[in-house]
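Here are the chains, one letter per residue:
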Amino acid sequence: MGNRSDRKRPPMLKQPARPEDSRSLVARAGVAGALGDGEAGEDAWIEVIQKMDAVYAELVENQVELEAKNAALEEAQALMASVFASMADVLAVCDRGNRIARVNRALEAVTGRHEASLSGEPFASLFATENAAAVDDMLARAREDGAVTDCELSLRDTAGAPSPFVMNCSARFDHKGRFAGVVVVGRPLGELRRAYKSLNAAHRELQEAQQHLIFSEKMAALGRLVAGVAHELNNPISFVFANMHALKKYGLRIRTYLEAMNDGVSGDALAALRKELKIDRILADIEPLLDGTLEGATRASEIVQDLRRFSANQTETPEDFELLRVVQTAANWVVKIARSRQDVAIHVPEGLSVHAPRGAIHQILVNLIQNALDAMDGDPHPLIEIDATEDGGFVALRVRDHGPGIAPDGMQKLFEPFFTTKPVGKGLGLGLYLSFGLAQDFGGRLAAANHESGGAVFTLSLPKGAWHGA
Ligand SMILES: Nc1ncnc2c1ncn2[C@@H]1O[C@H](COP(=O)(O)OP(=O)(O)O)[C@@H](O)[C@H]1O
Ligand SMILES: [Mg+2]
């Protein structure tokens, strides 16, 4: 036997006699003679007492171990009970027949039933009837796969109404590793879902508002476009109208003249009529009139073609085109609607071509030129300079104004949606944001800077086009 003096002993057991005291113990008890005389008898006693002592000691040891195990078990049970009780999530333990073995206080509170009344009931009875199949499925899958997570199921609440929960279900095993049932933990979905739903709704509203604003900006751009087109179309159309009126009048006169010839009028009378009707002037006038009309019609048709391109359908594909013409058209349109007396100096080499969607470039340029004009609001002679240079495989197109330039804190936010320093109704702060996106879409880049001698410079880098002839 080892030395057990340092062991904590349970209170009800006394320290047994030490083996080395056995001989004196026997002598004091005066029992030696009872087992026979002399040394042999005494030895037999000692042996018996030693055996007893050993057995007793073993007993004590077992008892100590048992007590320790008991204490640990009690502790574990108390811990389990406190965890069970204080868990906010609902918890149920089922046996291998899917019958309820234990539930925690949270589940009692939700269902309004005590553990005692639930114990032994089928687990599925906790749930709304329409969930029966889903519950069975969860239990079966947990048994098969070990665990199932995130099952949305509705517990029957105190009033019998369904109360949605998110459940996790895990298989549990006995000490021999055999399936012993499942443990199910669930969290109410109501709060979570309500919060999520309202967040979702707020997000949707925000998106809608944003879409609406982008739409407004696009409508404003379209408005500018239409105003530009109307202005452009007005010229050739009034030209065509005036010419057609003249031609109609001429037609009537020629007809009168031909009818007179047909009626046999001749000689001086016919000559006088010819003079009166100004037939010779008419004949000389017809060709230029027709040419002018044709030109006007051609111009109108070109404008319509431009409009088709510039109405910028989203699927517009990049093409090689001459930059100068698009710059001119964009500048014309902005400047004509503005009706102010600004100068736009364009230094774009003829024949310089880029590879990009034409409508997008037009749209970006209109935005930049409009911003440049806005920046110089109040300037009696605003000047906008547009130039382009080749740089490797790219063409850098710059739009420079002579306004106050971009404020230092504005530089960071320039391309953010809804950043504007303009009064309500004048700017939505989407022009540069949309332009930046458009440039990126076709592999271009839009950057802003302040010119060293004043004003802002916006640089649009575009992939160079292959075609290079005017
Ligand atoms: N040429 C410029 N000079 C100075 N500031 C500019 C210039 N262009 C743009 N900005 C600044 O960037 C802001 C955003 O421009 P933009 O996105 O086109 O929206 P908006 O023109 O509707 O304000 C403008 O409000 C202005 O403060
Ligand atoms: Mg703008």
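Refer to the structure above for everything that follows.
Owing to the predicted nature of the structure, the values given are computational and were not obtained by experimental measurement.

A. How the structure looks around a nonpolar patch on the surface. A cluster of nonpolar side chains, namely F215, M219, L222 and V226, defines an oily patch on the protein surface of about 370 Å² accessible area. By the element assignment, L222 lies in helix 6 (residues 190–262). Residue classification places L222 among the partly exposed positions, given a relative accessible area of 38%.

B. Quick peek at the site of ligand 1. Taken together, 18 residues form the shell around ligand 1, and within it D401, T420, T421, K422 and G429 come nearest. Within the side chain of K422, an N or O atom sits 2.6 Å from an oxygen atom of ligand 1. Burial of ligand 1 by the protein chains amounts to 92% of its free accessible area of 530 Å². With respect to the detected pockets, ligand 1 is housed in the largest pocket. Elements supplying a minimum of two residues to the shell around ligand 1: helix 10 (358–375), helix 12 (431–441) and strand 12 (456–463).

C. Focus on the nonpolar core. Formed by 38 residues in total, the largest nonpolar core has its most connected members in L323, I361, L365, I369 and L397. Breaking this core down by element, the ones donating at least two residues are helix 9 (323–338), strand 8 (353–356), helix 10, strand 9 (383–391), strand 10 (394–400), helix 12 and strand 12. It is helix 10 that contributes the most residues to this core, nine residues altogether. Beyond its immediate stretch of four places on either side in the chain, I369 contacts A330, A331, V334, I384, I386 and V399. Counting residues in each nonpolar core, the second largest holds 26 residues, with A92, C94, A171 and V182 among its members.

D. Representation of the pattern of salt bridges. Enumeration over the complete set of coordinates arrives at 12 salt bridges. For D137, the salt bridge identified is with R141, shortest N-O distance 3.3 Å. Of this pair, D137 and R141 are both found in helix 5 (residues 132–145), four residues apart, which corresponds to roughly one turn of the helix. Its relative accessible area of 39% is what places D137 among the partly exposed residues. A relative accessible area of 36% means that R141 is categorised as partly exposed.

E. Structural detail: the layout of surface pockets. Volume-wise, the largest pocket comes out at about 940 Å³. In terms of lining residues, the largest pocket is bounded by 36 residues, among which N371, D374, T420, T421 and K422 are the most central. Secondary structure elements with two or more residues in the lining of the largest pocket: helix 6, helix 10, helix 11 (408–411), helix 12 and strand 12. Of all the elements, helix 10 adds the most residues to the lining of the largest pocket, at six residues. Residue composition of the lining of the largest pocket, grouped by class: 15 nonpolar, 12 polar and nine charged. Lining the lining of the largest pocket are residues from two domains, each supplying at least three of them: domain 3 (196–311) and domain 4 (316–470).

F. Spotlight on the packing of aromatic side chains. Tallying each qualifying case throughout the model produces three aromatic pairs. On the numbers, 5.1 Å between centres and 70° between planes, the contact of F123 with F127 is edge-to-face. Per residue, the accessibility class of F123 equals that of F127, and both read buried. Measuring from centroid to centroid gives 4.9 Å for F415 and F436, while their planes differ by 45°, and the two rings are tilted.

G. Helix 12, seen in detail. Of all the residues in helix 12, the buried ones are G431, L432, L434, S435 and A439. Along the axis of helix 12, the buried residues cluster in a sector spanning 160°; they form a single face. Residues of helix 12 that are exposed and point more than 90 degrees away from the buried face comprise Q440 and D441. Looking one or two residues beyond helix 12, the residue adopting positive phi is G443, at roughly 80°.

H. Spotlight on the sheet that holds strand 12. One open sheet holds the five strands; their spatial order is 7-9-10-12-11, and the pairing between them is mixed. Two strands lie at the open edges of the sheet, namely strand 7 (343–347) and strand 11 (445–450), each paired on one side alone. For this sheet the average axis-to-axis angle between neighbouring strands, irrespective of direction, equals 15°. By the bridge criterion, five bridges tie strand 7 to strand 9 in an arrangement that is parallel. What sits directly across from I346, in strand 9, is I386. Across the face of the sheet, helix 12 comes into contact with strand 11 and strand 12 while running at roughly 135° to strand 11.

Cut-offs and rules
Throughout, residues of each chain are indexed from 1 in the direction in which the sequence is written. Just so you know, chain letters begin at A and ligand numbers begin at 1, following the order they were written in. Restriction of local features to residues with pLDDT of at least 70 applies here, the model being predicted, together with a cutoff of 80 or more for giving and counting side-chain atom pairs; totals for whole chains, interfaces and linings are based on all residues. Based on all heavy atoms of the structure, the side-chain values leave hydrogens and waters out of the count. Only residues whose relative accessible area exceeds 30% and that form no salt bridge enter a patch; like-charged residues are grouped when within 9 Å of one another, and nonpolar side chains (Val, Leu, Ile, Met, Phe, Trp, Tyr) when within 5 Å. Surface accessibility in these figures is a Shrake-Rupley result with a 1.4 Å probe; residues are shielded only by whichever protein chains are displayed. Salt-bridge detection follows one rule: a side-chain nitrogen of Lys or Arg within 4 Å of a carboxyl oxygen of Asp or Glu. Runs of E in the DSSP output that reach at least two residues are strands. Runs of H or I that reach at least four are helices, and both are numbered from the N terminus. Under the scheme applied here, a residue whose accessible area is under 20% of the maximum for its type counts as buried, over 50% as exposed, and between as partly exposed, the area being computed with a 1.4 Å probe on protein chains only. A cutoff of 4 Å decides nearness: a residue is near a molecule or strand if any of its heavy atoms lies inside that distance of it. Polar contacts here mean pairs of N or O atoms no more than 3.5 Å apart (in protein, one a potential hydrogen donor and the other a potential acceptor; neighbouring residues in sequence count only if both atoms are side-chain atoms). Think of a 1 Å grid over just the protein atoms. A cavity is a set of points where a 1.4 Å probe fits yet cannot get out, a pocket is an open set with protein on both sides within 12 Å along at least five of seven lines, and lining residues have an atom within 4 Å of a point. In this scheme, a molecule is assigned to a cavity or pocket if more than half of its atoms are within 2 Å of the grid points. Residues grouped as a nonpolar core are buried Ala, Val, Leu, Ile, Met, Phe, Trp, Tyr and Cys residues, joined through side-chain atoms within 4.5 Å. The criterion used for residue contact is that any of the two residues' heavy atoms lie within 4.5 Å. Grid points are joined across faces, edges and corners, and a volume is the space filled by probe spheres set on the points. Following the grouping adopted for this structure description, the nonpolar residues are Ala, Val, Leu, Ile, Met, Phe, Trp, Tyr, Cys and Pro, the charged ones are Asp, Glu, Lys and Arg, and the polar ones are all others, Gly among them. Residue ranges for the domains originate in an automatic or database domain assignment. Any pair of Phe, Tyr and Trp rings, taking the six-membered ring for Trp, is counted once the centres come within 6.5 Å. Such a pair is stacked with planes under 30 degrees apart, edge-to-face with planes over 60 apart, and tilted for the rest. The arc in question is the one spanned by the directions pointing from the helix axis to the C-beta atoms. When DSSP locates at least two bridges between a pair of strands, those strands are taken to pair. Every axis corresponds to a line fitted to the C-alpha atoms, with the helix fit spanning only the stretch in contact, and the corresponding angles, defined between N-to-C directions, vary from 0 to 180 degrees.

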